[in-house]
Amino acid sequence: LAVVIVNEKPVEAVVSKVSVWPAEYKVVWLPHDSEKIRAKLVLIKRKYGKIIKHESGKHNIKEEVVLVIIRIESNGNVDARSWAGALSLMQVKPGTAKDMHIKYPRNARYNIAAGTEYFRLMLSKFGDQNSALAAYNMGPGDFKKKGKDFDADGYFYVQNFEDTMNVLKYTM
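Residues numbered from 1 in each chain as written. Predicted model: local features only at pLDDT ≥ 70, side-chain atom pairs only at ≥ 80, totals over all residues. Heavy atoms only, no water.

**Student:** How should the overall build of the protein chain be read in this particular structure?
**Tutor:** Assigned secondary structure in the protein chain consists of seven helices and three strands. Each helix and strand of the protein chain, placed in order from N terminus to C terminus, yields the pattern β-β-β-α-α-α-α-α-α-α. Counting across all 172 residues of the protein chain, residues that qualify as buried make up 45%. In the protein chain, 46% of the contacts between residues at least 6 apart in sequence involve partners at least 24 apart. For the protein chain, the computed accessible surface area is about 10300 Å², with 52% contributed by carbon and sulfur atoms. (Helix = DSSP H or I, 4+ residues; strand = E, 2+ residues; numbered from the N terminus. Buried < 20%, exposed > 50% of the residue type's maximum accessible area, 1.4 Å probe, protein only. Contact = heavy atoms within 4.5 Å. Areas by Shrake-Rupley, 256 points an atom, 1.4 Å probe, with all protein chains shown as cover.)

Given below as structure tokens:
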């Protein structure tokens, strides 16, 4: 599935990977499960949109970035728990929540507050969005060790973010 962009606006088109387009056209390939991703983004926004808006404004981060991180981290599941012990929507580790004076990291409001603040810290520390995303996913210590040559997990996380952001941008 692809979206063709003409003059910064998406247009509907049937596209195959062998299609040839004029230079002024941009083709954005969407993930094969983009409809499921879109549906999940809509549900997350409906359920947590006010909290996302408040916290993203407080930390000067685009709402869409927080929404996409939640989709990637937990698929909108407030009860999510990772193998590493990260909790809830933005998969905040208990130690990180404690450092940010968050007592209830499983609570959606507090979890989004902690996750958004933590992402802002990663952005301030590492300077660009892709590095901040990789550091958010890998942890700042591992990211520092590997630098811009982050591992496959960090790369996959950044690619997943970009794919999901394209679904949000071109289908909603």
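Anyway, onward from the coordinates.
**Student:** It is not clear to me how the nonpolar core should be interpreted in this structure. Could you clarify?
**Tutor:** A general tendency of soluble globular proteins is for nonpolar side chains to be buried together. Counting 42 residues, the largest nonpolar core has I69, I112 and F119 as its most contacted members. Where this core is concerned, the elements lending two or more residues are α1 (34–58), α2 (63–74), α4 (108–126), α5 (129–138) and α7 (152–171). Among the elements that make up this core, the one with the highest residue count is α4 (eight residues). With residues near it in sequence (within four places) discarded, I112 still touches Y48, I51, I52, E55, V66, I70, L89 and M90. (Core = buried A, V, L, I, M, F, W, Y, C linked by side-chain atoms within 4.5 Å.)

**Student:** How do you make sense of α2 when you look at a structure like this?
**Tutor:** Under the 1.5 Å per step criterion, the end-to-end length of α2 is 17 Å for 12 residues, consistent within 8% with the ideal 16 Å. Counting buried positions over the 12 residues of α2 gives 10, a clear majority of the element. Taken from the residues just after α2, N75 is the one with a positive phi, measuring 55°. (Expected span 1.5 Å × (residues − 1).)

**Student:** Explain unusual backbone geometry here, please?
**Tutor:** Comment: phi is negative for the bulk of residues other than glycine, and the bulk of peptide bonds are trans. One non-glycine residue, Q91, lies in positive phi territory at about 50°. With respect to the secondary-structure elements, Q91 resides in the loop between α2 and α3 (94–99). Of note in this structure, H101 is not a glycine but carries a positive phi near 60°. Mapped onto the elements of the fold, H101 is located in the loop between α3 and α4. H101 gets classed as exposed once you look at its relative accessible area, which sits at 72%.

**Student:** Whenever I open this one, α1 confuses me. Can you help?
**Tutor:** Two residues of an α-helix separated by three or four positions point the same way, owing to the 3.6 residues in each turn. Counted at 1.5 Å a residue, the expected span for α1 with its 25 residues is 36 Å, but the 30 Å between its end C-alpha atoms falls short. Along α1, the sharpest kink reaches roughly 75°, centred on Y48. All of the buried residues along α1 are S34, I37, L41, I44, Y48, G49, I51, I52, E55 and S56. N60 occupies a position one or two residues after α1 and carries a positive phi of about 55°. (Bend = angle between axes of the 7 residues up to and from the residue.)

**Student:** Looking at this model, I keep getting lost on the packing of α2 against α5. Mind explaining?
**Tutor:** Pairs of packed helices are described in terms of their axes, by the angle between the two and the distance that separates them. Interaxial distance between α2 and α5 falls to 13 Å at its minimum, and their mutual angle equals 35°. In the crossing of α2 with α5, the sense of the turn from one axis to the other is right-handed. Residues V65, I69 and E73 of α2 touch α5, and the partners they reach there are Q129, L133, Y136 and N137. Split by residue class, the contact of α2 with α5 holds four nonpolar, two polar and one charged. (Axes fitted to C-alpha atoms, helices over the stretch in contact; angles between N-to-C directions. Left-handed = near helix turned anticlockwise from the far one by under 90°. Nonpolar A, V, L, I, M, F, W, Y, C, P; charged D, E, K, R; others polar.)

**Student:** Which parts of the structure should I look at to understand the pattern of salt bridges?
**Tutor:** Side-chain pairs of opposite charge can arise where the charged atoms are in close proximity. Applying the stated rule across the entire model yields one salt bridge. Across the pair K145 and D142 runs a salt bridge whose closest N-O atoms are separated by 3.9 Å. Linking K145 with D142, this pair stays in helix α6 (residues 140–146), spanning three residues, or about one helical turn. On the accessibility criterion, K145 (71% relative accessible area) is exposed. Residue classification places D142 among the partly exposed positions, given a relative accessible area of 35%. (Salt bridge = Lys/Arg side-chain N within 4 Å of Asp/Glu carboxyl O.)

**Student:** Honestly, the environment of N77 in this entry has me stumped. Any pointers?
**Tutor:** Here N77 shows up in the loop between α2 and α3. A relative accessible area of 37% means that N77 is categorised as partly exposed. Linking N77 and Q91, residues 14 residues apart in sequence, is a C-alpha distance of 9.9 Å. If sequence neighbours within four positions are ignored, N77 has contacts with S88 and L89. A distance of 2.8 Å separates a polar side-chain atom of N77 from the backbone nitrogen of D79. (Polar contact = N/O pair within 3.5 Å; in protein donor to acceptor, adjacent residues only side chain to side chain.)

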